[in-house]
Amino acid sequence: VLLSERNCVVLCLEDDAGQVVAFASGSLKTEEHMAALAARKLGLLLSSIPGLARSPSLLLGMQKRARAVSSNQVHNGYIATTGPRLEFWGAVNDGSNPGEVVALLNAWLEVASACGARQVQFEVDEENAKVRRIHHALGAYVVQSFRTADGESRTVMCYDLLEMSRNTHTNGGGPDRA
């Protein structure tokens, strides 16, 4: 769905063999992305059937997430629903160079900034403490933390791209947020 959207940004990191080893994706206009997801939910469900056939346990996770997303928490901060949003970022396997994966995230943030984004919000599940620490070290700050309808603890975080740009130009470092 993301690739068919005009305001989508997807960056991939390839190894020497041309295999994707990491990616970062998101939307500069999340409201358009949410509408596209809603319009294509049946197609998305049908396209998940081969994966579910290989690993039926994925169905439980899909059901839990669907219940949480359909709850009123979407409009109360469960996920960022407007403006720029980092959707996914990570390595495809553990063989990726961590420094390159972080550089890919920084490149995604630079593209978002070059496209006019001033802030980028995203969500991190509490079980991903390492990812939260990386985002914090890169300058992201916590907007809110809460427990979702499906029982998961999540944190909404934000990069202030204007502040990051100012700090990079003035002292060569990231923002001084606590």
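Details of the structure are given in the entry above.
Keep in mind it's a predicted model, so treat the numbers as computed, not measured.

Draft legend 1. Examining the side chain of Asp-160 more closely. As for its position among the elements, Asp-160 is in strand 6 (residues 153-160). What makes Asp-160 buried here is its relative accessible area of 14%. At 3.0 Å, the side chain of Asp-160 forms a polar contact with the backbone nitrogen of Glu-163.

Draft legend 2. Representation of the environment of Trp-89. Along the chain, Trp-89 falls in strand 3 (residues 85-91). The spacing of Trp-89 and Leu-11 is 78 residues in sequence and 9.4 Å in space, taken between C-alpha atoms.

Draft legend 3. Quick peek at the nonpolar core. Formed by 24 residues in total, the largest nonpolar core has its most connected members in Trp-108, Leu-109, Val-120, Tyr-159 and Leu-161. For this core, the secondary-structure elements that each account for two or more residues are strand 1 (8-14), strand 2 (20-27), strand 3, helix 5 (98-114), strand 4 (119-125), strand 6 and helix 7 (161-171). For this core, the leading source of residues is helix 5, giving six residues. Other than its neighbours up to four places away in sequence, Leu-109 contacts Val-120, Tyr-159, Leu-161 and Met-164.

Draft legend 4. Summary view of the pairing of strand 6. Burial within strand 6 is extensive, with seven of its eight residues counted as buried. As defined by bridge partners, strand 5 (residues 141-147) adjoins strand 6 across six bridges and the pair is classed as antiparallel. Bridge pairing links Val-142 to Met-157 in strand 6. Following strand 5, the chain reverses through five residues before pairing antiparallel with strand 6; Gly-151 in that reversal takes a positive phi of roughly 85°.

Draft legend 5. Inspection of the pattern of salt bridges at higher detail. Here the structure, examined in full by the defined rule, presents five salt bridges. Note that Glu-87 is salt-bridged to Arg-85, the shortest N-O span being 2.6 Å. Given a relative accessible area of 18%, Glu-87 falls into the buried group. By relative accessible area, which is 6% here, Arg-85 ends up buried. Between Arg-154 and Asp-125 there is a salt bridge, with its nearest N and O atoms 2.7 Å apart. Here Arg-154, found in strand 6, pairs with Asp-125, found in strand 4; they are 29 residues apart in sequence, far enough to count as distant. The same class applies to Arg-154 as to Asp-125, namely buried.

Definitions and limits used
- Throughout this document, residue positions are counted from 1 along each chain, in the order its sequence is written.
- A pLDDT threshold of at least 70 governs which residues receive local features in this predicted model, and a stricter bar of 80 or more applies before side-chain atom pairs are shown or counted, although totals over entire chains, interfaces and linings include all residues.
- Hydrogens and water are ignored here; the side-chain numbers use all heavy atoms of the structure.
- Helix numbers and strand numbers start at the N terminus; a helix is a DSSP run of H or I with at least 4 residues, a strand a run of E with at least 2.
- Classification of residues uses two cut-offs on accessible area relative to the type maximum, computed with a 1.4 Å probe and protein chains only: under 20% is buried, over 50% is exposed, and between them is partly exposed.
- Whenever two N or O atoms come within 3.5 Å, that pair is a polar contact, provided that in protein one can donate a hydrogen and the other can accept it, and provided that, for residues adjacent in sequence, both atoms are side-chain atoms.
- Put simply, buried Ala, Val, Leu, Ile, Met, Phe, Trp, Tyr and Cys residues joined by side-chain atoms within 4.5 Å make one nonpolar core.
- Whether two residues touch is decided by their heavy atoms; if any such pair falls within 4.5 Å, the residues are in contact.
- Should DSSP find at least two bridges between two strands, the strands are taken to pair.
- Every case where a carboxyl oxygen of Asp or Glu lies within 4 Å of a side-chain nitrogen of Lys or Arg is listed as a salt bridge.

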